[in-house]
Amino acid sequence: MQFDPIDVLTTPFLSVTTNQTDSLKSQPQLLSLPELYSALMADRVACMTALRPHQKHALHAFLVQVGALALVAAKRDDAPTAAEDWRSLLAGLTPNFPGNEPWSLVVEDLSKPALLQPPVPEGRWEVLKEIEPTPDALDVIPYGRQHDLKSGRMRRAGPDSWFYALLSVQTISAQNGAPNKAAARSPSGNAFRSFVGISPANIGFGAQIRRDIERLCYIRSEIYDQFVGYSESGGLGLVWLEPWDGVQQLDRSKLDAFYVEICRRIRLASTLTGLVAHRTGSDNDRIREPDGLEGLTGDPWTPILNHKQKYRPFVIYDDGLSYSRVASLFDGARTQQSPLQCPASAEGKDGMVLLLRGIGIQRGKQGVSASFHERQVFVPQKAVSILRQDASKKLGGISIQRVEDARGLVRDVLAPALAALFGNSSASDKKSEPYLAAFDREIDAGFFEALFEEVTLDDHDAKADARRRWLLDLKSRAEDILATAEAGSPLSLVRRYQARAAAHRVLQGAFLRVFADKFPAQEKDAK
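Residues numbered from 1 in each chain as written. Predicted model: local features only at pLDDT ≥ 70, side-chain atom pairs only at ≥ 80, totals over all residues. Heavy atoms only, no water.

A. Spatial organisation of the sheet that holds strand β1 (residues 14-18). What the three strands build is an open sheet, ordered β2-β1-β3; its pairing is antiparallel. Edge positions in the sheet fall to β2 (29-31) and β3 (45-48), since each has one partner strand and no second. Along the sheet, successive strands turn relative to each other by an average axial angle of 50°, direction set aside. Both β1 and β2 contribute to a ladder of three bridges, which runs antiparallel. Bridge assignment links V16 to a residue of β2, and that residue is Q29. (Pairing = 2+ DSSP bridges. Helix = DSSP H or I, 4+ residues; strand = E, 2+ residues; numbered from the N terminus. Axes fitted to C-alpha atoms, helices over the stretch in contact; angles between N-to-C directions.)

B. Here's a closer look at the side chain of D444. Along the chain, the position of D444 falls in helix α11 (residues 426-455). Under the relative-accessibility criterion, D444 is labelled buried at 16%. In this view, D444 contacts S322, Y323 and R375; residues no more than four positions away in its chain are not counted. (Buried < 20%, exposed > 50% of the residue type's maximum accessible area, 1.4 Å probe, protein only. Contact = heavy atoms within 4.5 Å.)

C. Structural context of helix α5 (residues 159-171). Helix length check: α5, at 13 residues, gives a terminal C-alpha distance of 18 Å against a target of 18 Å (1.5 Å per residue), a fit within 8%. The buried fraction of α5 amounts to twelve of the 13 residues, a majority that puts the element mostly inside the structure. Among all positions of α5, only D160, S161, W162, F163, Y164, A165, L166, L167, S168, V169, Q170 and T171 are buried. (Expected span 1.5 Å × (residues − 1).)

D. Geometry of the sheet that holds strand β9 (residues 265-271). In space, the three strands of this open sheet follow the order β4-β10-β9, with antiparallel pairing throughout. Across the chains shown, the open sheet's two edge strands, defined by having one partner strand only, are β4 (130-132) and β9. Taking the axes of each pair of neighbouring strands and ignoring which way they run, one obtains an average angle of 30° across the sheet. Two elements, β4 and strand β10 (residues 274-280), share three bridges in a ladder whose sense is antiparallel. Within the sheet, the bridge partner assigned to E130 lies in β10 and is R279. Contacts between α5 and the sheet are confined to β4, β9 and β10, with β9 contributing the most and set at about 170° to the helix.

E. Quick peek at the pattern of salt bridges. All chains considered together, the criterion is met by 29 salt bridges. For the salt bridge of E84 with R87, the shortest nitrogen-to-oxygen distance reads 2.3 Å. With E84 and R87 both in helix α3 (residues 83-91) and three residues apart, the pair spans about one turn of that helix. Residue R87 is classed as buried on the basis of its relative accessible area, which comes to 18%. For R468, the salt bridge goes to D465, with nearest N and O atoms at 2.4 Å. One end of the pair is R468 and the other is D465, both in helix α12 (residues 460-487) and three residues apart, which spans about a single turn. Given the relative accessible area of 27%, R468 is considered partly exposed. In this structure, a network of salt bridges that share partners links the residues R402, D405, E454, R467, D517 and K518. (Salt bridge = Lys/Arg side-chain N within 4 Å of Asp/Glu carboxyl O.)

F. A look at the packing of aromatic side chains. Across all of its chains, the model carries 17 aromatic pairs by this definition. Pairing F163 with Y164 gives two aromatic rings, centres 5.7 Å apart and planes at 45°, and the pair type is tilted. Overall, the relative accessible area of 1% leaves Y164 in the buried class. In this arrangement the basic side chain of R220 is found over the ring face of F258, its NZ or CZ atom lying 4.7 Å from the centre. A cation sits over an aromatic face here: R357 above F195, 4.5 Å from the ring centre. (Phe/Tyr/Trp six-rings, centres within 6.5 Å; stacked < 30°, edge-to-face > 60°. Lys NZ or Arg CZ within 6 Å of the ring centre and 35° of its normal.)

Here you go:
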């Protein structure tokens, strides 16, 4: 049977809408991979129509790492804009394959690589015992009853859906059962790869990709200095080029620091009804990390946390990207920024946007996904310089203080006031939960705007005034939450009046007690 290998260097297969001059989106059109790069460099891409939210990081990372590898191999540091130039650069990464097999989704000869699919040294399809009929069944998320999305539904998926599924399963996976190994850039194997980057404000997806490609090339020597062990010349960049039997491992010394990995044995095949994926498990991880450096791979988008001189990569859990979790990334004393998180000296004239996304895992459950989380935090122009690693200790100290203040408002101010309203019983704790959660969301909504306002002030008294204004604003919001709880309380009229008065006394007294150092005169008057 004649089959289409879907050579992504020449075949338009990615469904894309582009921005038009009249600010309207185009109808979806198909682009080859070089044509996509060309559209991205001009920041004309409005939407990748088949891309699912949890796959965006995998695509972003692939485009940036492959683009950077291509520029390094060609000894250039500027990203071209023409599709033909990109086609030549990408083909230059695989000079031993004139048939473009490493860039083809389907390659029948198992001794040769296919896109994101390593050669099968056994040479037999029977080795790949499991068959997945749809890309969502192959995808990284182990769908189950708790997920709104179910696997096996994409019966008429196009080749771009298979490409995105391959990207996510091969480059951001957590371990899912012993034979389904994790991506090397995923934190210690038991969590999904996270994304923490930064972008100039008011630019599109394509400009973000171009910025990250060129920035990654610029800081290449810094990555080699910070993350030792990689090959400085001639290292393997596209890991799927090498055969893999599921046992043999690649050492870091064989790899380029920008390597694009694979962690599962998968091959796509054409059938009369479309593509299917053949796969099998493996005995070992594809990449063997040096002892003590597991998870510390120099991933361009992974911050490193320092806890009592123990270094570990940033992980997203099922509680998501709350203000307290994100604020911890600003603590320069305890967190090393991801390589692409630090703004360049010329960036930030219109502000920057901190970009965070990833699949959260359930605490204590290896490789079990909870949900996808994404957050953007706008950083005003005045605060951009403070994001740089050498100045971030200033921001970190203030952010930690504010997180503690916020926790005090929730735990030590509003919580006892609600307990007074509901009767100080175990049942009252349960009644209080939705109101405390609502208040926490109120804090989250304005946390970073207020943080950057304070941190950009030079005068100590002005900083103190900014902190007090923020606390008083949150106190007012806590009072509003308390009033909402009162309105929903099923107490008798007399009991409601007494409980309301007690709750307000508790809230006022607790606020002045907890923040006595910031409101000394009011606290003294209250006594």
